[in-house]
Amino acid sequence: MNIKFPAGISLSIFFFCTSVFAEQLQVDSVYTDQKDEISFIVTLPKGIQPQENSSFQLLDGANNVLRPEADTIEYFDQSDRGFDLLLCIDVSGSISKILPQIRDALFELLKSSRKEDRFGIVSFADQVNTVSDFTNDKATLAKSIRKLHKQGKETVLYQAIIDSLNKLDEDKLSRYRRILVISDGKDEGSKKSADDVISLSRKYGIPIDAIAQGVIPKQYSESLGRLADATGGQFKPNTTPLKEAIIEIYKNFKANSWIVYFRYQADTEKSELKNAVIKFQQKDGSSLSATLSKGIPVPVIPKPVEDTQKPPVSDVGTKHDQLTLKWQDLLPYFGWGLIFILLLFIFWKFRQRKKQIATCGDTDMIKKRVEPSLKPETQQIKEPKPRQTEVSDTFKVLQKSQNPPNLALVVLEGSLKGQKIPINKQLFRIGADADNDLVLIDDDYISGNHALLRYDKGELLLSDQHSLNGTLLNSEIVKDRAARVLPGDVVQIGKSSLKLIET
């Protein structure tokens, strides 16, 4: 019975397979030839490379971690491991015209191959024939390639791939195994379907690479492409020169392959572990995984050592055992403890703030917080001892002159040190806000509207505007009463010291 593969059927069969399998992790071969060591050939999606050993984990079928990280990662192309590539060549009448180009491309592949790599050759038309068993003898392979010639009329494509997969599995080769199909994608007379090919390829863990050749309808080329995608292989359309396509496929599957080593003692008393999983952690936090198609040795799980000489049981020991907790169990208590300490700190800061406001009239406290430290050059200047501050209760002072004298403030210390600011207004405001007549910035001890100088009946009076840290005149606090200021007096606001002078 002839089974054709129209485009509509190919789309329905392969759409799901391609989307699920194309960007997955592949485990192509398992090596157990070294004692207490197991290694895998892992093929990653193009462009992804492992960064460190901890990128890989070995798990059992129930997702229990057998090995938390790999012991070694080795680039496959730089290892002494080889692969077995089975060349599955279409020699039917529909492709016979380009057989010379196919032979030339295969000769080119042999020239580029490594000595560790082996090749086998299968030809198919209406029958499947083994042209050469696996060998790395290039002379023998070249002789077999020359034997490729036109046969039959029909093309049993799927049957040829099924036979090739079974051949690779029956040989029990502990090597990296792949199949490369060169065909026009047309199938006539196979008793197997594309689904059978995909299922068997995944069961054995053998990818299928494909190169479309010949003058063929689009649907046959697409069927080959989806077959390769669904099994983790590569595909080159007939628009790519054959020699270039075959060399590029050969280089690509080596470039994306790594050997991952896990070392552990095998439990010889137990049978093989089935359905083990290789897990790969990507840089973005996502992971890829693959279930092994073959069993691996079961690792020995160390048994806990029991102390046969147990100490006598005492009440103290019992209490100690009851109080012993894992550090993970204490994490919630640490969290609540930190929250409690934070609340205590906030409460303490609130009380300190309230206490500062309540005691802002205390001269010693204000001096400790806002009195700036004098620099060495300032300390050498000997200022005359200021007079005792006089305080007016009723603001009624003797009128000396109706016109205010020419007075100014010289900044002795603070952000405006060295500047002279004339007092040319009857109300002269001092503070940190921009609407003051004298704006003192970069000082956390100065309030927005801190102090006020005003002329009243020929006298200059200083009053504090309910500031947080208070105002000092000649080292005495100015409370809720106005104080008279005379030339030579020093007003201290925050870190700034202001001396009144006549101009």
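This text goes with the structure placed above it.
Only a predicted model underlies this, so the values are computations on that prediction, with no experimental measurement involved. Along each chain, numbering runs from 1 in the same order as the chain's sequence is written. The predicted origin of the model limits local features to residues at a pLDDT of at least 70 and limits the giving and counting of side-chain atom pairs to 80 or more, whereas totals for whole chains, interfaces and linings rest on all residues. Excluded from the side-chain calculations are hydrogens and water; all other atoms, namely the structure's heavy atoms, are used.

1. A look at the sheet that holds strand β13 (residues 277-281)
By the convention used here, strands pair only if DSSP detects at least 2 bridges between them. Labels follow the DSSP assignment, with helices taken as runs of H or I lasting at least four residues and strands as runs of E lasting at least two, numbered in each case from the N terminus. Taken in spatial order, the 4 strands of this open sheet run β4-β3-β13-β14, and their pairing is antiparallel. With partners counted over all chains shown, the strands left at the sheet margins are β4 (65-67) and β14 (287-291), one partner each. With strand direction ignored, the average angle separating the axes of adjacent strands in the sheet is 35 degrees. Here an axis means a line fitted to C-alpha atoms, over the contact stretch when the element is a helix, while the angle between two N-to-C directions is reported on a 0 to 180 degree scale.

2. Focus: the side chain of S447
If you trace the backbone, S447 turns up in the loop between β19 (438-439) and β20 (451-456). Remark: exposure states derive from per-residue accessible area (1.4 Å probe, protein chains only) relative to the maximum for the residue type, with buried under 20%, exposed over 50%, and partly exposed in between. S447 gets classed as buried once you look at its relative accessible area, which sits at 18%. We call two N or O atoms a polar contact when they sit within 3.5 Å, provided that within protein one can donate a hydrogen and the other can accept it, with sequence-adjacent residues counted only if both atoms are side-chain atoms. Of the polar contacts made by the side chain of S447, one reaches the backbone nitrogen of L468; its length is 3.1 Å.

3. As for the sheet that holds strand β16 (residues 407-413)
Taken together, 6 strands build an open sheet; the order of strands is β17-β16-β26-β25-β22-β23 and the sheet is antiparallel. What marks the edges here is a single partner per strand, and that holds for β17 (420-422) and β23 (476-478). Sheet twist, expressed as the average angle between the axes of neighbouring strands with direction ignored, equals 30 degrees. Relative to β17, β16 is paired through 3 bridges, and the arrangement is antiparallel. Each bridged residue has a counterpart across the sheet, and for A408 the counterpart in β17 is P422.

4. As for the packing of aromatic side chains
Centres within 6.5 Å make a pair out of two Phe, Tyr or Trp rings, where for Trp the six-membered ring is used; the pair is then stacked when the planes are under 30 degrees apart, edge-to-face when over 60, and tilted otherwise. By the definition in use, this model includes 8 aromatic pairs. Note on F83 and F119: the rings are 6.2 Å apart at their centroids and 85 degrees apart in plane angle, and the pair reads as edge-to-face. On the criterion of sequence distance, the pair formed by F83 in strand β6 (residues 83-90) and F119 in strand β7 (residues 118-124) is long-range, its members being 36 residues apart. An aromatic cluster of three or more residues is present, and its members are F76, F83, F119, Y176 and Y250.

5. Examining the nonpolar core
Nine residue types can take part in a nonpolar core, namely buried Ala, Val, Leu, Ile, Met, Phe, Trp, Tyr and Cys, and a core is a set of them joined through side-chain atoms within 4.5 Å. With 35 residues, the main nonpolar core has L85, L87, I89, I102, L106, I211 and I246 as its most contacted residues. Broken down by secondary-structure element, the contributors of at least two residues to this core are β6, α2 (99-112), β7, α3 (138-146), β9 (176-183), α7 (242-255) and β12 (257-263). Top element by residues in this core is α7. It accounts for 7 residues. In this structure I89 touches I102, L106, V122, S123, F124, L148 and I182, once residues within four positions along its chain are discounted. L86, V122, V181 and I198 belong to the second largest nonpolar core, which has 28 residues in total. By definition in these notes, contact holds between two residues if any of their heavy atoms fall within 4.5 Å.

6. A few points about the pairing of strand β21 (residues 459-464)
For a regular strand, side chains alternate in direction, first toward one face of the sheet and then toward the other. With 6 of 6 residues buried, β21 is to be regarded as a mostly interior element. Neither face of β21 is left uncovered, since the one carrying E459, L461 and S463 and the one carrying L460, L462 and D464 both have all their residues buried. In terms of strand pairing, β20 meets β21 through 6 bridges, oriented antiparallel. When the sheet's bridge partners are listed, L452 is paired in β21 with S463. Between β20 and β21, which pair antiparallel in sequence order, lie 2 residues; one of them, K457, sits at a positive phi of approximately 55 degrees.

7. Things to note about the pattern of salt bridges
Here, a salt bridge means any side-chain nitrogen of Lys or Arg that lies within 4 Å of a carboxyl oxygen of Asp or Glu. The full count for this structure, using the stated rule, is 14 salt bridges. Salt-bridge contacts for R67 lead to D71; the nearest nitrogen and oxygen are separated by 3.3 Å. In this structure, D209 engages R178 in a salt bridge whose closest nitrogen and oxygen atoms are separated by 2.9 Å. Of this pair, D209 sits in strand β10 (residues 208-212) while R178 sits in strand β9; the two residues are 31 residues apart in sequence, bridging distant segments of the chain. Classification of D209 by relative accessible area gives buried; the value is 0%. Judged by relative accessible area, which is 2%, R178 ranks as buried. In the salt-bridge network here, residues are joined through shared partners; they are R114, E116 and D117.

8. Some thoughts on the pairing of strand β26 (residues 496-502)
Of all the 7 residues making up β26, 5 are buried; the element is thus mostly covered by neighbouring parts of the structure. Sheet topology places β16 next to β26; 6 bridges connect them, and they run antiparallel. The residue bridging V410 from the neighbouring strand is K499, located in β26. The pairing of strand β25 (residues 490-493) with β26 spans 4 bridges and is antiparallel. Bridging across to β26, V490 finds its partner in K499. Counted along the chain from β25 to the antiparallel partner β26, the turn is 2 residues long, and its residue G494 has a positive phi close to 60 degrees.

9. Digging into the environment of L200
Topologically, L200 is positioned in helix α5 (residues 194-204). With 38 residues separating them along the chain, L200 and I162 place their C-alpha atoms 7.4 Å apart. The residues touching L200, leaving out its near neighbours within four places in the chain, are I162, L165 and N166.

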